[in-house]
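A look at the structure
Here's the letter readout for the chains.
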Amino acid sequence: QVQLVESGGGLVQAGGSLRLSCAASGRTFSRYTMTWFRQAPGKEREFVAAVSWGGESTFYADSVKGRFTISRDNAKNTVYLQMNSLKSEDTAVYYCAAGGAVISRAMAAYNYWGQGTQVTVSS
């Protein structure tokens, strides 16, 4: 059982930066692949980024490569998403999700989800 709580969302100007945090419960956090998804109004939920359980491997959606960085601190049971050079199209509710050892773009690969945090980028 894993519980995830996102924080750090807010309103930011285009070109600005924001760091999201996802705090996880339980003592098995380090063995899960951690990911970020997002969902904008009227759109389907989409994959944003993932990090392996050891932090050695990361994967990003093409739309955020070079701008976003995912990382994790297993000692704190927390995963982060550093978002730089934000664009208006980054506006969405961002969700943290946890799954198995293999990184996947598919939502079905992740059994544990947070409630989301709103990110709004003004232009």
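Our structure's up above, just so we're on the same page.
Now for a quick tour of the structure. (Residues numbered from 1 in each chain as written. Predicted model: local features only at pLDDT ≥ 70, side-chain atom pairs only at ≥ 80, totals over all residues. Heavy atoms only, no water.)

1. A few points about the packing of aromatic side chains
- Counting across every chain of the model gives five aromatic pairs.
- Measuring from centroid to centroid gives 5.9 Å for Tyr32 and Tyr112, while their planes differ by 90°, and the two rings are edge-to-face. A residue pair is termed long-range when its members are at least 10 positions apart, and Tyr32 in the loop between strand 3 (18-24) and strand 4 (33-39) and Tyr112 in strand 10 (residues 110-113) qualify at 80 residues.
- Taking relative accessible area as the criterion, Tyr32 reaches 18% and is therefore assigned buried.
- For the pair Phe47 and Phe59, a centre-to-centre distance of 5.8 Å together with 40° between the ring planes defines the contact as tilted. With Phe47 in strand 5 (residues 46-51) and Phe59 in strand 6 (residues 58-60), this pair connects stretches of sequence that are 12 residues apart. (Phe/Tyr/Trp six-rings, centres within 6.5 Å; stacked < 30°, edge-to-face > 60°. Helix = DSSP H or I, 4+ residues; strand = E, 2+ residues; numbered from the N terminus. Buried < 20%, exposed > 50% of the residue type's maximum accessible area, 1.4 Å probe, protein only.)

2. Structural notes on the environment of Val79
- Assignment of secondary structure puts Val79 in strand 8 (residues 78-83).
- Between the C-alpha atom of Val79 and that of Gly55, which follows or precedes it by 24 residues, the distance is 9.9 Å.

3. Here's the deal with the pairing of strand 5
- Of all six residues making up strand 5, five are buried, and the element is well covered by its neighbours.
- Bridge count between strand 4 and strand 5: five bridges; the pairing is antiparallel. Across the sheet, the residue bridging to Trp36 is Ala49, located in strand 5.
- Between strand 4 and strand 5, which pair antiparallel in sequence order, lie six residues; one of them, Gly42, sits at a positive phi of approximately 80°. (Pairing = 2+ DSSP bridges.)

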